[in-house]
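What the coordinates show
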Amino acid sequence: MIALKTVYLDNSSTTRVYKEGAELAADIMYNLYGNPSSLHRKGIEAEKLIKRAKEQIADSLKANPSEIYFTSGGTESDNLAIIGGCRMSRGRHILSTNIEHPAVLNTLQHLEKKGYEVELIPVGKDGKVNVEKLASKIRKDTALVSVMYVNNEIGTIEPVEKIGKIVKSVNPNTAFHIDAVQAYGKIPFTAASTGADFISLSSHKIHGPKGVGALYVKNKAKLAPIIFGGGQQNNIRPGTENVPGIAAFGLAAEKSCSKVSENGNKMQMLKERLKEGILSNLDDVVVNTPANDSAPHILNVSFGYVKSEVLLHSLETDGIYVSSGSACSSHKKGPSYVLTAIGTDRKMIDGSIRFSLSEFITEEDIDYTIERVVDNVKKIRRLMKR
């Protein structure tokens, strides 16, 4: 059966590319296809496109274009910041939290095998890291502190600005890295306001193409390359640049960040409408997203006596697309480590759904989603009680 309506609520996994960005990328692939390292006109045209994208992303962060380095995505940006930052430090101690994205946690695990000491600070029920506890763990040999801005599963906004100030006041030599993949284009911030040395960004979370990311590297921050090649991007991230993707990323950054507050307010209103619609029509429901200090686009809800995968596919038949957690962890067995960390009951974890909005979602979409969620949950519960 083909659904009459499509409501895409998995925007934390990936987003639909802006039409203008797709058209720009196609035009570059067909007409402006030179290698940006070439000295002829085609190469200079491509180089100008990269320069323009750097300016667009730098403007969105109130940073300098020279502080922007392009990567293949958020995962590579995290790896470059963490490994490259630690290689430039004499310290062998790293601090982070226990709800970071796998791109951070697995990188830290890699460094742990290389002899680094990694400490993961636990979070509270709201998903927030205890800043005072983190501050007490900073040492003379702490090479790096890495904290995500917005959690990708439950949407908690971490107090990164406060953390940034504390890190530098306790040990000015400690590098501070922020994974801002879920914050960028969703909540307003500047590079300076965070106090970060490194900020990871991803294109496909803000209506840009997949396979493109960026790393903000604060002027004078020390960073070593982790891959080696022809010397592009000041040797920090060599390799022929993905010009079509980078240009479309720049356009997406300019477009999404120029209306970040407006879109954020709209998504917050729709998120509250969705939450209240679910809570007022269903019992045995737990909202895992904190009521305060959470991103406007993420709502994580646990439905008792329901398996998330069953509900996910039931909603899919109605044209509603959601996720049962982080897309990067969807093929891993076991309960969500994020929901476990905040103390969600195991039985409720098994029935968790993440709804993630975008600027394209309407009130009509939300009302349709509420109707179908309520109907499907009741239907699944009746079947499971048989």
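Along the protein, the regular secondary structure elements total 13 helices and 12 strands. Its C-alpha atoms give the protein a radius of gyration of 21 Å, within 12% of the compact-globule value 21 Å for 386 residues. Expressed along its principal axes, the backbone C-alpha trace of the protein runs to roughly 70 × 55 × 35 Å. Counting all 386 residues of the protein, 57% fall into the buried class. In the protein, the proportion of contacts linking residues at least 24 apart, taken out of those at least 6 apart, comes to 74%.

The subject of this paragraph is the sheet that holds strand β12 (residues 352-356). What the three strands build is an open sheet, ordered β9-β10-β12; its pairing is antiparallel. Two strands in the sheet have a free side with no partner beyond their single neighbour: β9 (285-287) and β12. Mean inter-strand twist for the sheet, computed between neighbouring axes without regard to direction, equals 25°. Where strand β10 (residues 298-303) and β12 come together, five bridges link them in antiparallel fashion. Its bridge partner lying in β12, Ile298 is registered against Ser356. Along the sheet, helix α9 (residues 260-279) contacts β9, β10 and β12; its crossing angle with β10, the most-contacted strand, is approximately 10°. Across the sheet, helix α13 (residues 363-384) lies against β9, β10 and β12, angled at about 20° from β10, the strand it touches most.

Right, let's talk about the packing of aromatic side chains for a bit. One pass over the full model with this rule turns up four aromatic pairs. Residues Tyr18 and Phe360 carry aromatic rings whose centres are separated by 6.2 Å and whose planes lie at 70° to one another, so their mutual orientation is edge-to-face. One end of the pair, Tyr18, is in the loop between β1 (7-8) and α1 (19-31); the other, Phe360, is in the loop between β12 and α13, with 342 residues separating them in the sequence. Look at Tyr184 and Phe189: their rings are 6.5 Å apart centre to centre, the planes differ by 65°, and that puts the pair in the edge-to-face class. Given the relative accessible area of 1%, Tyr184 is considered buried. Look at Phe189 and you get buried, because its relative accessible area is 10%.

With that settled, consider unusual backbone geometry. In this structure, Asp284 is a non-glycine residue whose phi angle is positive, near 55°. Turning to its location among the elements, Asp284 is positioned in the loop between α9 and β9. Residue Tyr305 is not a glycine yet carries a positive backbone phi of 65°. Mapped onto the fold, Tyr305 is located in the loop between β10 and α10 (308-317).

Ranked by internal contacts, the top residues of the largest apolar core, which has 60 residues, are Leu61, Tyr149 and Tyr184. Per-element accounting of this core gives the leading share, eight residues, to helix α8 (residues 243-257). Dropping the residues within four chain positions of it, Leu61 is found in contact with Ile68, Tyr184, Phe189, Thr190, Ala191, Leu201 and Tyr216. With 28 residues, the next largest nonpolar core counts Leu274, Leu282, Leu311 and Val374 among its residues.

The next thing to look at is the side chain of Asn376. Secondary-structure assignment places Asn376 in helix α13. For Asn376, a relative accessible area of 6% puts it in the buried group. Beyond its immediate chain neighbours, meaning those up to four positions away, Asn376 contacts Leu311, Ser314, Leu315 and Asp318.

As a packed pair, α10 and α13 sit with axes 10 Å apart at the nearest point and diverge in direction by 130°. On the basis of their axis angle, the class for α10 and α13 is oblique. In this structure, α10 crosses over α13, and the sense of that crossing is right-handed. Judged by residue contacts, Val310, Leu311, Ser314 and Leu315 of α10 engage Arg372, Val373, Asn376, Val377 and Ile380 from α13. The residue inventory of the contact of α10 with α13, partitioned by class, reads six nonpolar, two polar and one charged.

A separate point is the pattern of salt bridges. Applying the stated rule across the entire model yields 23 salt bridges. Measuring nitrogen to oxygen at the nearest pair gives 3.7 Å for the salt bridge that ties Lys162 to Glu132. A residue pair is termed long-range when its members are at least 10 positions apart, and Lys162 in helix α6 (residues 160-170) and Glu132 in helix α5 (residues 131-137) qualify at 30 residues. Judged by its relative accessible area of 45%, Lys162 is partly exposed. Residue classification places Glu132 among the exposed positions, given a relative accessible area of 52%. Arg273 is the partner of Glu363 in a salt bridge, and the nearest nitrogen-oxygen pair spans 3.4 Å. One end of the pair, Glu363, is in helix α13; the other, Arg273, is in helix α9, with 90 residues separating them in the sequence. In this structure Glu363 comes out as partly exposed when scored by relative accessible area, which is 38%. With a relative accessible area of 32%, Arg273 lands in the partly exposed category. Bridged by salt links that share partners, the residues Asp318, Glu371, Arg372, Asp375 and Lys379 form one connected network.

So, about the sheet that holds strand β4 (residues 117-121). Read from one edge to the other, the open sheet built from seven strands follows the order β2-β8-β7-β6-β5-β3-β4, with strand pairing classed as mixed. Of all strands in the sheet, those with a lone pairing partner are β2 (68-71) and β4, marking the two edges. The mean angle between the axes of side-by-side strands here comes to 20°, regardless of whether they run parallel or antiparallel. Pairing geometry for β2 and strand β8 (residues 213-217), over four bridges, is antiparallel.

Calculation rules
- Residues numbered from 1 in each chain as written.
- Predicted model: local features only at pLDDT ≥ 70, side-chain atom pairs only at ≥ 80, totals over all residues.
- Heavy atoms only, no water.
- Helix = DSSP H or I, 4+ residues; strand = E, 2+ residues; numbered from the N terminus.
- Rg over C-alpha atoms; globule rule 2.2 N^0.38 Å.
- Buried < 20%, exposed > 50% of the residue type's maximum accessible area, 1.4 Å probe, protein only.
- Contact = heavy atoms within 4.5 Å.
- Pairing = 2+ DSSP bridges.
- Axes fitted to C-alpha atoms, helices over the stretch in contact; angles between N-to-C directions.
- Phe/Tyr/Trp six-rings, centres within 6.5 Å; stacked < 30°, edge-to-face > 60°.
- Core = buried A, V, L, I, M, F, W, Y, C linked by side-chain atoms within 4.5 Å.
- Parallel < 35°, antiparallel > 145°, perpendicular 65-115°, else oblique.
- Left-handed = near helix turned anticlockwise from the far one by under 90°.
- Nonpolar A, V, L, I, M, F, W, Y, C, P; charged D, E, K, R; others polar.
- Salt bridge = Lys/Arg side-chain N within 4 Å of Asp/Glu carboxyl O.

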